[in-house]
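Okay, here's what each chain looks like letter by letter:
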Amino acid sequence: MNALSEIKSRFSSVLSEFVDDPTELLNMIRPAGDPKFGDYQANCAMPMGKRLGKSPREIAAELVNRVSLDDFCETVEIAGPGFINLTLKDDWIKQILTAALLDDRLAIAKVANPKTFVVDYSSPNVAKPMHVGHIRSTVIGDAISNVLRFVGHDAISDNHLGDWGTQFGMIIYGYKHFLDREAYRTAPVTELGRLYKHVRKLIDYHAAVAQLPEAEAKLAELKTTLAELVSREPSGDKKEDKQHNKQIKLLSDKIAEHAERIESLMDKVNEVKNTPDLKSQSERHSGINQAVLLETAALHEGDETNKKLWEEFLPYCRQDIQKMYERLGIKFDYELGESFYHEELANVVSDLEAKGFTKESDGAICVFLDHHDAPMIIQKRDGAYLYATTDLATIKYRIDHFNADACLYVVDHRQSEHFEKLFDVAKLWGYGDAELTHVAFGTVMGPDGKPYKTRSGDTVGLAGLLDEAESRALEITRNQNPDLPDQRHKEIATVIGIGGLKYADLSHNRGSDYEFNYDKMLALRGNTATYLQYSYARVQGILRKTEADVEAIRANPSAFEFELDIERQLAVKLIRFGEALDEVLVEYKPNFLCNYLFELSQLFAQFFDQCSVKDAGSESLKTSRLQLCVLTARTIKTGLGLLGIGVLDQM
RNA sequence: GCCCCGAUAGCUCAGCUGGAUAGAGCAAUUGACUUCUAAUCAAUAGGUCGCAGGUUCGAAUCCUGCUCGGGGUGCCA
């Protein structure tokens, strides 16, 4: 039962008498912006007034007269220019609360028309260590899938692994030339990881050596240009001088950027040069960059040795990734990686060709699109396919095989142009009926406001990130509650460490970049997982101290009483859980659920402060408050659960 | 050059399908622990919502221009 949708449905028929499609007007019914205006407000009378040539207040009065709300709205008031303010009847609120107590789903109705969603998220490159960039996709995608399922949709999570790329060429090359057999036998995952990093290092070295002269020449050229610009006399024309200064600034920035790049290249060169082993290897493997590409190409063309090695490596690589998902508590329904679509790529191209959508350009097979200057290239000049091709094959498979009504891609916002083109081509191709959505998210920034990197400029590894979050959480819980046994501290640290990390991500609007900060994500106060988890633990404390029998309470609810206003406020918040879930799904934004849970927890903290359960004035009031406690705990637990975050009975 | 995104309190960020005095947390100041966990609560202070126009009964939200920042931009993913 959802108060907002109930109100909307009551208004719907009446509004239909005034307009053809009341959808827009119904969207103007919303939770009240201020408690003094009641619980909900309908703002539709103002725009109607204009359209119907009557005063908005007149319209409002007419609406109020005609809409039947008596059974669950206490007062219906017209205020200001024509706002209709609605206050729910306490009895109705209590009825919903009772239903929620009795129901395992907290009386959240399932959607009338369930759809099939395929949610594509996480999608790391197998054989490369997972890094900070993967958490957002993983955590947001998981939360969205969970919410979709909870409200009754069929959500299929699919981890589109990068398991067919150049990184395998690197490992294969490494295996053939640098393998430590003993290490491979005892710890294959570690050894494969070492091989990847080793080959990567040599490749980066050669690439850097090749790029340095050009980069330095470019830097010198930029510096000369800058010197010329600086030496030029001001013209006296204001606009021109401003333009001139702007160019100087732009150029200076560019020079700084270039210098930084050269420094990073130098680091890579020096590391190899200063390590005798690496130096001699780099000399012996001078053609490694090309050789790795050839190994990859051989794999793709079905070379037996390489195919066999790939089959041997893949389970080890997956095992490594799996460890990370276990720590994060994430599971996928499918993990159909790029390799799964390999056989289909030629068909994708030939089908699009047959349908006349392609055009050859500079030897590549392209699909040209309106609104985009550059075409989508689906086959390279050398005959190889691209990720665009794989993505098209994937859409076809998801729609044909899973009967997907919607495909969601939880991927970095930098790929938005790629997805625009991809979806355009998919529509041309005949897959336009399904909803195709790029659920984009921003970059994780470091304290300097730049993308989060280690001091040496590498991306931050995910494993280390989780370790750090947990160890900081451990320190916090030890300080906070020294009496608990250490084993308990470790359990708590895992739940609040991982929870804090996930929540920090989910509570921000996914579209924005956000600053990664351990202290903030693990802070004990404020909008953090810890605060919500603490609210839950406090409820459990009450239940323990009052020796409440939760099962009995749930099976046989008593009457609710609102003695203080905060009890009613908490109650109203509790019955709005479903609205929060609906909000999440409008634009696939989990931060709406975070907001809701935070506000719920804040209200509970006030309730906790003002309303003693143990020493309530009467037995009936005590039971009523216990019931509010039980519902609060269940809502927080369920809500955090949908976000992939755990709770603790004691912390 | 072209395309996309952003600019809200000292800091980190919500709010953006137009709604009533613009919110939260942190930091600052002040009060509340013999009490169901103070990992808490209450209170004070803090704003030209980048700038300038426009649409509207009403604009942080929509439109146009500008400034500043970030990202992307045919054979990587």
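Residues numbered from 1 in each chain as written. Chains lettered and ligands numbered in written order. Predicted model: local features only at pLDDT ≥ 70, side-chain atom pairs only at ≥ 80, totals over all residues. Heavy atoms only, no water.

### A look at the sheet that holds strand S5 (residues 116-120)
Note the following rule: Pairs of strands are assigned from DSSP output, requiring at least two bridges between the strands. Going along the chain from the N terminus, every DSSP run of H or I of four or more residues is numbered as a helix, and every run of E of two or more is numbered as a strand. A fitted line through C-alpha atoms represents every axis, and for helices the fit uses only the stretch in contact; the resulting angles, taken between N-to-C directions, go from 0 to 180 degrees.
Pairing is parallel in the open sheet, where four strands are placed in the order S6-S5-S10-S11. Unpaired on one side and paired on the other, strand S6 (154-158) and strand S11 (435-441) mark the two borders of the sheet. Strand-to-strand twist in this sheet, taken as the mean axis angle between neighbours without regard to direction, amounts to 20°. Bridge analysis of S5 against strand S10 (residues 406-412) gives four bridges, and the strand direction is parallel. Note that in S10 the partner of Val119 across the bridge is Leu408.

### Description of the sheet that holds strand S3 (residues 73-79)
Strand order in this open sheet of four strands is S1-S2-S4-S3, and the pairing throughout is antiparallel. Where the open sheet ends on each side, the last strands, each with one partner, are strand S1 (29-31) and S3. Within the sheet, the average angular offset between the axes of one strand and its neighbour, ignoring direction, is 25°. Two strands pair when backbone bridges link them, and S3 and strand S4 (residues 83-88) are joined in this way by six bridges, in the antiparallel orientation.

### Observations concerning the domain arrangement of chain A
The criterion, for reference: Domain limits in this description derive from either an automatic procedure or a database domain assignment. A contact between two residues is defined here by any heavy atoms of the two lying within 4.5 Å. Buried surface area refers to the total accessible area, computed with a probe of radius 1.4 Å, that the two partners give up upon joining, counted for both partners together. By definition here, a salt bridge exists when the distance from a side-chain nitrogen of Lys or Arg to a carboxyl oxygen of Asp or Glu is within 4 Å. Definition of a polar contact: a pair of N or O atoms within 3.5 Å, with one able to donate and the other able to accept a hydrogen when the atoms are protein atoms, and with sequence-neighbouring residues admitted only if both atoms are side-chain atoms. Gly is put with the polar residues, along with every residue not named as nonpolar or charged; the nonpolar set is Ala, Val, Leu, Ile, Met, Phe, Trp, Tyr, Cys and Pro, and the charged set is Asp, Glu, Lys and Arg.
Each assigned domain of chain A is listed with its residue range as follows: domain 1 (3-88), domain 2 (116-165 + 312-445), domain 3 (170-291) and domain 4 (462-642). Inter-centroid distance (C-alpha atoms) of domain 2 to domain 4 is 35 Å. With 31 residues of domain 2 in contact, the opposing surface of domain 4 contributes 30 residues. Buried surface at the junction of domain 2 and domain 4, summed over both partners, amounts to about 2,700 Å²; 68% is from carbon and sulfur atoms. Linking domain 2 with domain 4 are three salt bridges. Arg327 serves as the salt-bridge partner of Asp467, at 2.9 Å between the closest nitrogen and oxygen. At the boundary of domain 2 with domain 4, the tally comes to 13 residue pairs in polar contact (both at pLDDT 80 or more). Looking at the side of domain 2 that touches domain 4, the elements with two or more residues in it are helix H6 (133-150), helix H13 (304-328), S11 and strand S12 (444-445). Element by element, the count of residues in the side of domain 2 that touches domain 4 is highest for H6, at 11 residues. Classifying every residue of the side of domain 2 that touches domain 4 gives 21 nonpolar, six polar and four charged.

### Let's talk about empty space enclosed by the protein
The following threshold applies: We place a 1 Å grid over just the protein atoms. Points where a 1.4 Å probe fits but has no way out form a cavity, open points with protein on both sides within 12 Å along at least 5 of 7 lines form a pocket, and any residue with an atom within 4 Å of a point lines it. Grid points are joined across faces, edges and corners, and a volume is the space filled by probe spheres set on the points.
One pass over the structure, following the stated rule, counts one cavity of 30 Å³ or more. Computed from the structure, the largest cavity encloses a volume of approximately 100 Å³. Along the walls of the largest cavity sit 13 residues, with Ala100, Leu106, Leu574, Ile575 and Phe577 positioned nearest its centre. With three residues, helix H5 (residues 90-102) is the single largest residue contributor to the lining of the largest cavity. Class assignment for the residues of the lining of the largest cavity results in 11 nonpolar, two polar and no charged.

### What about the nonpolar core?
Under the convention used in this document: To form a nonpolar core, buried Ala, Val, Leu, Ile, Met, Phe, Trp, Tyr and Cys residues must be joined to one another through side-chain atoms within 4.5 Å. Accessibility here uses a 1.4 Å probe with only protein chains present; expressed as a share of the type maximum, an area under 20% marks a residue as buried, one over 50% as exposed, and anything in between as partly exposed.
Core analysis: the largest hydrophobic core is formed by 173 residues, its most contacted members being Phe11, Leu97, Phe516, Leu593 and Leu643. Broken down by element, the residue count for this core peaks at 14 residues, all from helix H9 (residues 188-231). Leave out the neighbours within four places in its chain, and Phe11 touches Leu26, Ile29, Ala42, Val67, Leu69, Ile84 and Leu86. Residues Val118, Tyr341, Ala393 and Ile399 belong to the second largest nonpolar core, which totals 32 residues.

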